[in-house]
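This is what each chain is made of:
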Amino acid sequence: MELRASREAKQVRPEMIIVPEDNLTVQELADMLRLESSEIIKSLFFKGITATVTQSLDLTTIETVAEEFGVPVLQDDIEEAATKTVDMIEKTDIDSLITRPPVVTVMGHVDHGKTSLLDSIRKSRIASGEAGGITQHIGAYQVEVKHESKTKKLTFLDTPGHAAFTAMRARGTKVTDIAVLVVAADDGVRPQTLEAISHARAAKVPIVVAINKIDKEGSSPDRVKQELSEKDLIAEDWGGDTVMVPVSAIKGQNIDKLLEMILLVSEVEDLQANPRRLAKGTVIEAHLDKAKGPVATLLIQNGTLRSGDVLAAGSVLGRIRAMVDEHGNRIKEAAPSFPVEALGFSEVPTAGDEFEVYTDEKSARMVVGERATDARATKLAQQMASRRVSLSSISNQVNEGELKELNLILKADVQGSVEAILGSLEQLPKNEVQVRVLFSAPGEITETDIDLAAASGSVIIGFNTSLASGAKRAADANDVDIREYEVIYKLLEDIQSAMEGLLEPDLVEEALGQAEVRATFAVGKGSIAGCYVSTGKLQRNCSLRVRRAGQVIYEGNLDSLKRSKDDVKDVNTGFECGIGCDKFSNWDEGDIIEAYKLVTKKRTLSTN
Ligand code: GDP
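What comes next concerns the included structure. (Residues numbered from 1 in each chain as written. Predicted model: local features only at pLDDT ≥ 70, side-chain atom pairs only at ≥ 80, totals over all residues. Heavy atoms only, no water.)

## Side note on the overall build of the chain
Point 1. Helix and strand counts for the chain come out as 16 helices and 34 strands.
Point 2. The proportion of buried residues among the 608 residues of the chain is 49%.
Point 3. A total accessible area of about 29,100 Å² is found for the chain, and carbon and sulfur atoms account for 48% of it. (Helix = DSSP H or I, 4+ residues; strand = E, 2+ residues; numbered from the N terminus. Buried < 20%, exposed > 50% of the residue type's maximum accessible area, 1.4 Å probe, protein only. Areas by Shrake-Rupley, 256 points an atom, 1.4 Å probe, with all protein chains shown as cover.)

See the structure below:
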């Protein structure tokens with residue numbers, strides 16, 4: 001029964017398709033539209049194009065074909081804005097690449113010493129030989145580290161905590177190359193430690209652990225290692241591959257060692273940029289200064305930023321009037337991974353937005369203008385893109401062989417339930433799809449959970465728990481699917497169904513209109529119904545139901561719709577038209593046609 005339902009679901013056209021920037025083949029387009037490739041080839045043939053299954057189609061052709069089946073097309077660059085992890089390097093950069101310093105974020109549980117560690121690092125190793133000099137907070141700073149007789153730089157983001165980190169990731173920006181996880185040796189692994197691990201893993205960023213407060217009595221670095229090993233972070237001296245450095249932020253103990261280890265980890269990452277091009281990067285912080293106007297800290301991720309450069313930062317235009325480094329020194333140019341505070345924006349840019357320098361103001365203005373108008377479309381596309389991350393849509397993707405991993409965030413009433421559910425999830429057959437629990441903890445479903453879910457494309461599973469205030473709103477805004485359960489068996493059943501691609505999509509019927517058959521015409525082997533639209537409208541390719549004397553005698557697709565002799569897309573109330581169905585021709589005068597659309601609907605909590 002379920003199998004049949006899923007097969008039928010495949011026949012239903014998607015609400016819209018998002019196509020990549022490079023071309024699609026006929027087969028790929030057919031799969032997206034959930035059609036047989038022969039139907040696409042037929043449609044192309046009638047447009048005068050003879051095509052094979054492997055032939056690539058350009059965007060205009062894709063649009064005309066998809067439109068014929070009533071499916072709008074969106075281009076992938078918009079989807080990218082919603083889901084990408086930024087790739088700042090372009091093909092043209094390849095010949096001029098140099099190693100750039102890593103950008104490091106410090107994360108961990110509250111009071112474990114993130115701020116103290118950032119302060120201690122800043123004080124011990126300020127770049128450009130100004131150790132001891134006064135630094136101002138601009139949201140990021142660089143330090144120099146000696147390693148194998150060479151001096152190398154590291155860039156630290158100066159906003160501890162993962163709120164900023166996740167917010168940026170949720171916007172699709174990836175700035176961090178390495179996450180330093182601070183764990184207090186006298187307190188061990190705590191909820192926010194786990195959260196930080198989840199965030200770093202979701203972003204696929206390597207973790208270096210700083211076991212802090214080793215100066216304190218009662219501190220136990222081994223206990224921290226033990227607890228972390230339970231989370232699959234195993235210290236190198238315990239045979240694992242996670243770098244863990246015991247430090248004291250307050251005493252400045254072992255900070256050099258930590259910096260050196262971060263540098264080593266970054267070398268493996270092979271971070272590169274091309275300094276010989278116009279700059280690109282991300283806005284780290286921004287505010288309005290009463291005297292200076294809009295002020296923004298920019299992190300350069302590729303290229304070199306120069307005073308006087310014209311740039312677009314999100315939808316804000318800028319011409320760099322002045323730049324200062326973290327010591328307040330005026331600088332004329334800034335290289336990759338360098339943070340600068342810049343003046344000269346038309347408005348305050350948004351932290352997390354990307355910026356890019358243009359050769360002339362006109363181009364920058366155009367980009368900014370387009371972005372403002374695109375902002376609405378992007379929001380829609382983001383919603384469409386993230387909407388796919390619901391248990392039922394995942395089921396669909398599994399069906400199509402697209403999805404190999406199901407990301408979950410699990411919140412339950414008590415630790416016992418969490419463990420029981422995790423245990424049962426492990427028992428599920430893993431033929432096609434792997435379940436990845438990015439984060440699990442007892443407690444309410446919070447806004448942070450929603451952030452993580454939005455950033456990582458996860459579904460949130462709640463077991464006998466509730467939503468913290470604000471969480472529902474955040475989930476709605478980000479289109480995050482929250483599934484609440486009271487019995488473990490039901491929870492497992494749903495997840496297993498999703499993994500097997502059998503979960504029924506939530507499709508609801510949306511009535512379009514009604515028409516009455518007034519005459520029938522034989523055409524070839526088939527027959528066309530001459531109709532009068534009495535209410536609403538009819539649309540080509542919508543679904544229809546034919547009733548005779550109240551009984552449904554046929555359900556299927558409205559395959560052809562004509563006014564006079566012309567094919568049309570829709571016909572409104574009060575007009576006559578001709579209707580043809582490929583699989584039905586037994587029309588009779590007086591038949592009533594009910595036209596409707598099937599639309600995918602997100603499951604709400606009440607229907608779970
Ligand atoms: P954050 O909330 O993670 O930023 O933690 P803070 O940096 O604000 O530190 C929290 C508390 O722990 C402060 O009272 C610090 O003085 C203290 N602390 C931080 N690092 C150390 C350390 O290495 N040793 C000791 N004894 N105390 C520390």
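Picking up where we left off.
## So, unusual backbone geometry
Point 1. One non-glycine residue, Arg-34, adopts positive backbone phi at about 55°.
Point 2. Structurally, Arg-34 can be placed in the loop between helix H2 (26–32) and helix H3 (37–46).
Point 3. The phi torsion at Ser-149 lies on the positive side, around 60°, for a residue other than glycine.
Point 4. Note that Ser-149 resides in the loop between strand E7 (140–147) and strand E8 (150–157).

## Here we look at the site of the ligand
Point 1. Near the ligand you find 15 residues, and of these Asp-111, Lys-114, Thr-115, Ser-116 and Asp-215 are the closest.
Point 2. Between the ligand and Ser-116 there is a distance of 2.6 Å, counted from an oxygen atom to a side-chain nitrogen or oxygen.
Point 3. One of the side-chain nitrogen or oxygen atoms of Asp-215 is found 2.7 Å away from a nitrogen atom of the ligand.
Point 4. Summarising the interface, the protein chains cover 72% of the accessible area of the ligand, which totals 580 Å² for the free molecule.
Point 5. If you tally residues by element for the shell around the ligand, the top one is helix H6 (residues 114–124), at three residues. (Near = heavy atom within 4 Å. Polar contact = N/O pair within 3.5 Å; in protein donor to acceptor, adjacent residues only side chain to side chain.)

## With respect to the packing of H6 against helix H10 (residues 255–269)
Point 1. Direction vectors running N to C along H6 and H10 enclose 90°, while the axes themselves pass 11 Å from each other. The angle between the axes of H6 and H10 places the two elements in the roughly perpendicular class. Across the interface between the two elements, Leu-117, Ser-120, Ile-121 and Ser-124 of H6 pack against Ile-255, Leu-258 and Leu-259 of H10.
Point 2. Residue composition of the contact of H6 with H10, grouped by class: five nonpolar, two polar and no charged. (Axes fitted to C-alpha atoms, helices over the stretch in contact; angles between N-to-C directions. Parallel < 35°, antiparallel > 145°, perpendicular 65-115°, else oblique. Contact = heavy atoms within 4.5 Å. Nonpolar A, V, L, I, M, F, W, Y, C, P; charged D, E, K, R; others polar.)

## Topic: the environment of Ile-138
Point 1. Among the secondary structure elements, Ile-138 is positioned in the loop between H6 and E7.
Point 2. Expressed as a C-alpha distance, the spacing of Ile-138 and Ile-284, which sit 146 residues apart in the sequence, is 8.9 Å.
Point 3. Those residues in contact with Ile-138 that lie beyond four places of it in its chain are Glu-285, Thr-297, Asp-325, Glu-326, Pro-339, Val-340 and Glu-341.

## Description of the packing of helix H8 (residues 191–202) against helix H14 (residues 447–456)
Any two packed helices are characterised by how steeply their axes cross, that is the angle between the axes, and by the distance between the axes.
Point 1. Two elements in contact, H8 and H14, have axes whose closest approach is 10 Å; the angle formed by their N-to-C orientations is 15°. Classified by the angle between their axes, H8 and H14 sit roughly parallel to one another. Crossing hand, H8 versus H14: left-handed. Along its contact with H8, which presents Glu-195, Ser-198, His-199 and Ala-202, the element H14 presents Thr-448, Leu-452 and Ser-456.
Point 2. Split by residue class, the contact of H8 with H14 holds two nonpolar, four polar and one charged. (Left-handed = near helix turned anticlockwise from the far one by under 90°.)

## Details of the pattern of salt bridges
Point 1. In the structure shown here, the tally under the stated rule is 25 salt bridges.
Point 2. Between Asp-177 and Arg-100 there is a salt bridge, and its shortest N-O distance comes to 2.9 Å. Of the two residues, Asp-177 sits in the loop between helix H7 (163–170) and strand E9 (178–184) while Arg-100 sits in the loop between strand E5 (98–99) and strand E6 (103–108), which places them 77 residues apart along the sequence. Grouping residues by exposure puts Asp-177 and Arg-100 together as buried.
Point 3. Linking Glu-594 and Arg-545 is a salt bridge whose minimum nitrogen-to-oxygen distance equals 3.2 Å. (Salt bridge = Lys/Arg side-chain N within 4 Å of Asp/Glu carboxyl O.)

## Examining the packing of aromatic side chains
Point 1. Enumeration over the complete set of coordinates arrives at three aromatic pairs.
Point 2. Between Tyr-141 and Phe-156, the ring centres sit 5.8 Å apart and the planes meet at 20°, which makes this aromatic pair stacked. One end of the pair, Tyr-141, is in strand E7; the other, Phe-156, is in strand E8, and 15 residues separate them in sequence. Grouping residues by exposure puts Tyr-141 and Phe-156 together as buried. (Phe/Tyr/Trp six-rings, centres within 6.5 Å; stacked < 30°, edge-to-face > 60°.)

## Some words on the layout of surface pockets
Point 1. Here the second largest pocket defines a volume of roughly 740 Å³.
Point 2. Taken together, 24 residues form the lining of the second largest pocket, with Arg-201, Leu-422, Val-437, Leu-438 and Ser-440 sitting closest to its centre.
Point 3. Among the secondary structure elements, those contributing two or more residues to the lining of the second largest pocket are H8, helix H13 (415–427) and strand E23 (434–442).
Point 4. The element contributing the most residues to the lining of the second largest pocket is E23, with eight residues.
Point 5. For the lining of the second largest pocket, the residue count by class is 13 nonpolar, three polar and eight charged.
Point 6. Two domains each provide a minimum of three residues to the lining of the second largest pocket, namely domain 2 (81–87 + 98–272) and domain 4 (398–501). (1 Å grid on protein atoms, 1.4 Å probe; cavity = no way out; pocket = protein on both sides within 12 Å on 5 of 7 lines; lining within 4 Å. Points joined across faces, edges and corners; volume = space filled by probe spheres on them. Domains from an automatic or database assignment.)

Just geometry here; none of it tells us what the structure is for.
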